[in-house]
Amino acid sequence: MEENKKEKKKTNGRKRIQFLAMFLLSGVIAGAGTFLYKGSMADIICNVVMIMLGSGIVIFALSASEVNGLFFYEYKGNYRNFVVFYLISLTLSLIFPMLPASAWPFLIVFIILGLFSNSISGLTAGSVCLMLSVMLQQSGGYHEFSLYFFSGLIGIMVFSRLDDHFKVGLPILVSLLSLTVCLTANIVLFERERLSLSQYTFVAINLMVNFILLLIALKIFNSTVIHRYRDKYMDLNDPEFPLLVQLKELDKEEYYHAVHTAYLGDRIAKRLSLNDVVVKACGYYHRIGILKGENTWENVQAICSQYHIPPDTRETLREYVDPAVKTLSREATVILFADSIVTAIRGMFQKNPKAELDYDRIIESVFTEKFESGVLYNSDISIAQVREMKKIFNEEKLYYDFLR
């Protein structure tokens, strides 16, 4: 508990520093940019105040999102990447007014800021960057702001729900098409020339630049967010991982119990489209606390911290091990059933290794016991998923012979 308080205090301190740097540097960037564009003192003060006010609203949006749990990709308490991209975007906003308005690559700015926060925070931050470019522009402003605001909004919306499958083809297509429509409606149609293909030169350049930058940004996002723990899980879910080797040396029965639980959990998680790497890891480590004596949450938590177990697996283990937690995720529920069935079958084989067991009856009794205990009332899993899980357990009869 004391360790959690220290970590929380450290996280809050880091967050305050990041927000303060973001707030102050945004004013410096706005002031320096206005000065370079030879703005008057009144212009400098106005732009600095407006951009710092906008940055304050962004900070409020981030804080409110953290309180209300609105982050899509678990950025709660850690905003380093967002702050860096926000300040870079503000700096680039000083350069965009030098380009034709139809060539401003603001779509990628909105999408990146949205990916590294959430919809409302990304939209607010992107609007602040766009506002700076519009304020520094010598003429116009209304059409440029509206076209990049709405295309950026669409971009944020279509990229707001990426998952482990990382299907980005349709979101890229929709965001680029929306940008094309907005550019045509707000830039091309207002030029005094007759409509021709030559007018789309900068539009084409803009689309190409956004497409290339978007691919680069998505690759970074995939490796640092969506699959940031991929290599870690490859190690954790290896039966020869040092932590599992320690378990095997301490108690072979516990080790093989963990291996069987992980196998069945992984099979079910994949069929139910759950987070299979988390389920498999929890199958391996759901009783790892015995390395420190008893399988209490305090012991499990200490081991998780020592071996840098990813947060999602750590939370699922807590749901399973800590009796104070009353709710179960679908992943924790799968481990509960896999563990119970492995325990029931191995217990009978230990009494009589040559016994011919009625696996259907054993599985039925485990499911009946769980339903009657009321444990499923506090689970996120659906009745349809429970039925599918039971069906999968019944299909694994050949595997159960390895539990002898």
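Scroll up to find the structure.
Quick notes on the rules
Residues numbered from 1 in each chain as written. Predicted model: local features only at pLDDT ≥ 70, side-chain atom pairs only at ≥ 80, totals over all residues. Heavy atoms only, no water. Salt bridge = Lys/Arg side-chain N within 4 Å of Asp/Glu carboxyl O. Helix = DSSP H or I, 4+ residues; strand = E, 2+ residues; numbered from the N terminus. Buried < 20%, exposed > 50% of the residue type's maximum accessible area, 1.4 Å probe, protein only. 1 Å grid on protein atoms, 1.4 Å probe; cavity = no way out; pocket = protein on both sides within 12 Å on 5 of 7 lines; lining within 4 Å. Points joined across faces, edges and corners; volume = space filled by probe spheres on them. Nonpolar A, V, L, I, M, F, W, Y, C, P; charged D, E, K, R; others polar. Phe/Tyr/Trp six-rings, centres within 6.5 Å; stacked < 30°, edge-to-face > 60°. Patch = residues over 30% accessible without salt bridge, like charges linked within 9 Å, V, L, I, M, F, W, Y side chains within 5 Å. Areas by Shrake-Rupley, 256 points an atom, 1.4 Å probe, with all protein chains shown as cover. Lys, Arg positive; Asp, Glu negative; His and termini not counted. Charge placed at Lys NZ, Arg CZ, Asp CG, Glu CD. Contact = heavy atoms within 4.5 Å.

(A) Summary view of the pattern of salt bridges. As enumerated under the stated definition, the model contains 10 salt bridges in all. Two residues, R346 and E253, come together in a salt bridge whose shortest N-O distance is 2.7 Å. Here R346, found in helix α15 (residues 330-351), pairs with E253, found in helix α11 (residues 252-271); they are 93 residues apart in sequence, far enough to count as distant. On the accessibility criterion, R346 (10% relative accessible area) is buried. The closest approach of N and O atoms between E395 and R271, which form a salt bridge, is 3.1 Å. On the criterion of sequence distance, the pair formed by E395 in helix α17 (residues 383-395) and R271 in helix α11 is long-range, its members being 124 residues apart. Overall, E395 belongs to the partly exposed group, its relative accessible area being 43%. For R271, a relative accessible area of 40% translates into the label partly exposed. Within the structure, one salt-bridge network assembled from shared partners comprises R271, E388 and E395.

(B) Geometry of empty space enclosed by the protein. By the definition in use, this model includes two cavities of 30 Å³ or more. Its boundaries defined by the atoms lining it, the second largest cavity holds a volume of some 30 Å³. Of all the secondary-structure elements, those providing two or more residues to the lining of the second largest cavity are α13 (297-306) and α14 (311-321). Here the lining of the second largest cavity is composed, by residue class, of seven nonpolar, one polar and no charged.

(C) Spotlight on the packing of aromatic side chains. Under the definition given, this model contains 19 aromatic pairs. Summarising the aromatic geometry, the rings of Y255 and Y256 are spaced 5.2 Å apart at their centres and angled 75 degrees between planes, so their arrangement reads as edge-to-face. According to the relative accessible area criterion, Y255 is buried, its value standing at 5%. What links up through ring pairs into an aromatic cluster is the set F96, W104, F106 and Y148.

(D) Summary view of a negative patch on the surface. A surface patch of like charges, here negative, comprises D231, D235, D238 and E240. Inspection of the secondary structure puts D231 in helix α9 (residues 230-236).

(E) The arrangement of the environment of V128 in detail. Mapped onto the elements, V128 comes out in helix α5 (residues 119-136). V128 sits in the buried class, given a relative accessible area of 5%. C-alpha of V128 to C-alpha of I57: the two residues are 71 residues apart in sequence and 9.4 Å apart in space. Residue contacts for V128: discarding those within four places in its chain leaves I51, G54, S55, V58, Y86 and L90.

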